[in-house]
Amino acid sequence: MSEQLFEGRRGRLNTTGILASQNIRDLVAHHRIQADPPVTEDQIQPASIDLRLGPVAYRIAASFLPGTGVRVEDKLERYAMHRLDLADGAVLERGCVYIVPLLEHLALPAGYSGMANPKSSTGRLDVFTRLITDKSGEFETVADGYAGPLYAEISPRTFSILVRQGSRLTQLRLRRGTPRPADARMSRLQRQLGLVQEDGAGNTDLLGAAPLPDVDIREGVAIRVDLEGAPGTGLIAYRARAHTGLIDVDRSGSCAALDFWDPVYRHPGQPAELVLNPEEFYILMSKESILVPPEASAEMRAVNTRIGEFRAHYAGFFDPGFGMADHGGGGTRAVLEVRSRDVPFLIEDGQTVCRLVYEQLLDMPDKLYGRTLGSNYQGQKLKLSRHFRSD
């Protein structure tokens, strides 16, 4: 049913919205997105494009923004401490800050802007990554009609990483116009499709989902943490270990999970809760299954820190097709990257930790997240990044 719906409704949906895969491809063809080497098809996702590291990285003493009228290159001339050659690979050390010019450049038309996020695998490694553009006073934003280079600020927080030219840590979404997310639209989609569902719905029909009743939708759909424990094991989280080995960001399954992570269990009779230790990094799981229909994309946004001193979900972008059962995603949970600040903090099962904000697409995409794209996290439960294997 959903595939027929997708085929039948392909084409221009809205006059404003997030660019779909074919729109991004058009920008590449018209040299609005430029790169050397050229952009490849596998960089183009259903509603985003993967950005690649260039041949050099600069170690800097502190994070910065260029500010009005100032180029990033000018700041690097003043503040770069050391230059690393990425052609054959280089180690970015835990606790250090780097700026890397990206291979992609933009020449956006008027009316087009962008937003960036770390890729899912980047966030699950606790690698703090932000996009920077020339003459900007904000991270992760590309101004309307921007023409110029792109840079990634990279700061590994827990693990040192091995990167090279072409490594992909960041993804960029492009937007035409300024559509505003609306709670009314998200409420309608929740009623019709079930943006968040009871786990195990496992529907084979996009429109046959069983929406959760009484979902909290206020500036996004509330997402709650699951601390009940996996059946049979009681697993509720993974906590990153200190003083571990090196992770090659381009090699899947290259690291033994228990060399880098401590599993955290809820034992029988214990409360469904977890104390987050200050400045430690955790991987947790949402209580809800997530669905992103073909006509929308979604971003996970942290809840205001007034409800608790922790940050949830460094990455946070979900392409169209995420969680669709007929694309291999029935029962797909959101994985939450969580770090407590300053003091130990107790979280409890069912506590709201972030919100999922859905935005309309400009067109129906000609590809969807899932099995056919070899997407790493379709159908996931509590899952580490693709770099780890269970021995």
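Note that the coordinates shown come from a computational prediction; the quantities given were computed from them, not determined experimentally.

The next subject is the nonpolar core. With 53 residues, the main nonpolar core has Ile-154, Leu-172, Trp-261 and Phe-388 as its most contacted residues. No other element matches strand β8 (residues 97–107), which puts 4 residues into this core. Setting aside its immediate chain neighbours within four residues, Phe-388 contacts Leu-125, Ile-247, Gly-253, Cys-255, Ala-256, Ala-257, Phe-260 and Trp-261. Counting 39 residues, the second-largest nonpolar core is a separate cluster that includes Met-186, Leu-189, Val-225 and Ala-237.

Here the protein chain averages 87 in pLDDT, while 88% of its residues score no lower than 70. Taken together, the stretch residues 1–10 has pLDDT below 50 and engages in 20 contacts with residues farther than four places along the chain or on a different chain. Across residues 200–209, confidence stays below pLDDT 50; counting only partners more than four residues off in sequence or on other chains, it has 24 contacts.

On the basis of which strands lie adjacent, the open sheet formed by 3 strands has the order β7-β13-β18 and mixed pairing. Across the chains shown, the open sheet's two edge strands, defined by having one partner strand only, are β7 (90–92) and β18 (247–248). Pairing geometry for strand β13 (residues 161–163) and β18, over 2 bridges, is parallel. Within the sheet, the bridge partner assigned to Leu-162 lies in β18 and is Asp-248.

Turning our attention to the environment of Val-221. Along the chain, Val-221 turns up in strand β16 (residues 221–224). A relative accessible area of 0% means that Val-221 is categorised as buried. In this structure, the C-alpha to C-alpha distance between Val-221 and Arg-301, residues 80 residues apart in sequence, is 9.9 Å.

Throughout the structure, instances matching the rule amount to 26 salt bridges. One salt bridge connects Arg-333 with Asp-226, and the closest N-O pair in it is separated by 2.9 Å. Of the two residues, Arg-333 sits in strand β26 (residues 333–340) while Asp-226 sits in the loop between β16 and β17 (235–240), which places them 107 residues apart along the sequence. You'll find Arg-333 and Asp-226 in the same group, each marked buried. The shortest N-O distance in the salt bridge between Arg-301 and Glu-299 comes to 3.3 Å. Judged by its relative accessible area of 34%, Arg-301 is partly exposed.

Criteria and cut-off values
Residues numbered from 1 in each chain as written. Predicted model: local features only at pLDDT ≥ 70, side-chain atom pairs only at ≥ 80, totals over all residues. Heavy atoms only, no water. Core = buried A, V, L, I, M, F, W, Y, C linked by side-chain atoms within 4.5 Å. Buried < 20%, exposed > 50% of the residue type's maximum accessible area, 1.4 Å probe, protein only. Helix = DSSP H or I, 4+ residues; strand = E, 2+ residues; numbered from the N terminus. Contact = heavy atoms within 4.5 Å. pLDDT = per-residue confidence, 0-100. Pairing = 2+ DSSP bridges. Salt bridge = Lys/Arg side-chain N within 4 Å of Asp/Glu carboxyl O.

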